[in-house]
Amino acid sequence: MNIAEYLKVLTKLYKDGCVETSEFQEMMVNKDVETALAVLGDVEITVRDGNECVALNEKAREVIEELTRGKT
Amino acid sequence: MKLPFPVFTRICEPFVRLGYEVKDGHVKRDMYEPTRNDTVVMIDIGLRTAKIGGAPVTIDYIKYVRHYANRYVTLFVIPDSWCTKMHVDNAMQFIKLASKLGNVDNMVPIFVAHYYLLKIESYMEILEKLQELFPIVLVGITGNLVTSSPSTVIKCARRPTLCNHYVEIAVKDAYSRGFKVHVLGITKPTLNYLVKRGIYGIVSSDTDKPRGSGRPRLAHRREYCRVFKEWLGDYEQPEPEEWLNEVVE
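Owing to the predicted nature of the structure, the values given are computational and were not obtained by experimental measurement.

Draft legend 1. Local environment of the nonpolar core. Membership of the largest hydrophobic core comes to 92 residues, with the highest contact counts inside it found for Leu10(A), Phe24(A) and Ile43(B). In terms of residue count, helix 5 (residues 160-176) of chain B provides more of this core than any other element does, 8 residues in total. Residues within four places of Leu10(A) in sequence aside, it is in contact with Val33(A), Ala36(A), Leu37(A), Leu40(A), Leu56(A) and Ile64(A). With 16 residues, the next largest nonpolar core counts Phe15(B), Val112(B), Leu184(B) and Val247(B) among its residues.

Shown next, in the form of structure tokens:
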């Protein structure tokens, strides 16, 4: 995959901010999320509305913002 | 708190992990005779051997496994490789040799499912053949350096969240296919995560961490097992008999 494809894979995670555990795992099964994260950053567990969810970590968000600057 | 599954480690009974490594054509076998009758043994060729190409399945390896299986329930890794072709060839060679074995009641093979999400469909034939030969077959999932794809390795120490989720989905998938799982080289954060989440389908794991993480190699059994106990923290190993009953269920 190239960078554009990595970004595409992580778009939902980036835009939604935080996804439920089961949803994140579904993404890992269906898409090459772990490969994209290996290149662009990592995820962390966080809490939204009192529920645990999975989000891109700060480094991953910074990398994606840098890569997409002027393109979105 | 009692662990729902044991963590095998070097020479700390009752769950003992022994190594059989091939380095520059020379075989190095851990030789340890347990003192407890209820000890369970786990044999692995190690991460390094698998990473650099793997070790072929040999009669010598099977004899080594047999030596322990004659007295103890013995879990053993079918020599694995990060190279898919060699990995599959090894498994097929093992199946060929294993079909000539007599009593295999104490032998529990672990087939390591490298690149799990990508390859599991193609591994099913191997797993089903193993099930025809052995009463219990375990799927091995890596829990230290996660081999998620031929081009990606997740280092669990650096990416614990990603690693934990990967292990979880692989375990759930394997269980849905009728297989229980051994997590190879489990890290403490992953152990905590799996225990906290109460994930069903894992029956065993192993680690050699007490000698790693910047510590000098601990040569003495007593010292190693003390450090392993520290590593376990508040967890207690399950009783072998209770654990075996759950495995065969």
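Draft legend 2. Seen up close, the environment of Ala55(A). Residues and elements named next belong to chain A. Within the element layout of this structure, Ala55 appears in strand 3 (residues 51-56). Each C-alpha atom, one on Ala55 and one on Glu66, is 18 Å from the other, the two residues being 11 residues apart in sequence. In contact with Ala55, not counting residues within four places along its chain, are Gly17, Cys18, Asp42, Val43, Glu44 and Thr46.

Draft legend 3. Broad picture of the pairing of strand 10 (residues 180-184) of chain B. Residues and elements named next belong to chain B. The buried fraction of strand 10 amounts to 5 of the 5 residues, a majority that puts the element mostly inside the structure. Burial along strand 10 is two-sided: the residues Lys180, His182 and Leu184 and Val181 and Val183 are all buried. Two elements, strand 7 (residues 138-142) and strand 10, share 5 bridges in a ladder whose sense is parallel. Looking at strand 10, one finds that Leu138 is bridged to Lys180. In the sheet, strand 10 pairs with strand 11 (residues 202-206) via 3 bridges, with the strands oriented parallel. Residue Val183 lies in a different strand from strand 11, and its bridge partner there is Ser205. Running through helix 6 (residues 188-197), the crossover from strand 10 to the neighbouring parallel element strand 11 is right-handed.

Definitions and cut-offs
Residues numbered from 1 in each chain as written. Chains lettered and ligands numbered in written order. Predicted model: local features only at pLDDT ≥ 70, side-chain atom pairs only at ≥ 80, totals over all residues. Heavy atoms only, no water. Core = buried A, V, L, I, M, F, W, Y, C linked by side-chain atoms within 4.5 Å. Buried < 20%, exposed > 50% of the residue type's maximum accessible area, 1.4 Å probe, protein only. Helix = DSSP H or I, 4+ residues; strand = E, 2+ residues; numbered from the N terminus. Contact = heavy atoms within 4.5 Å. Pairing = 2+ DSSP bridges. Right-handed = clockwise from strand over helix to strand, strands pointing away.

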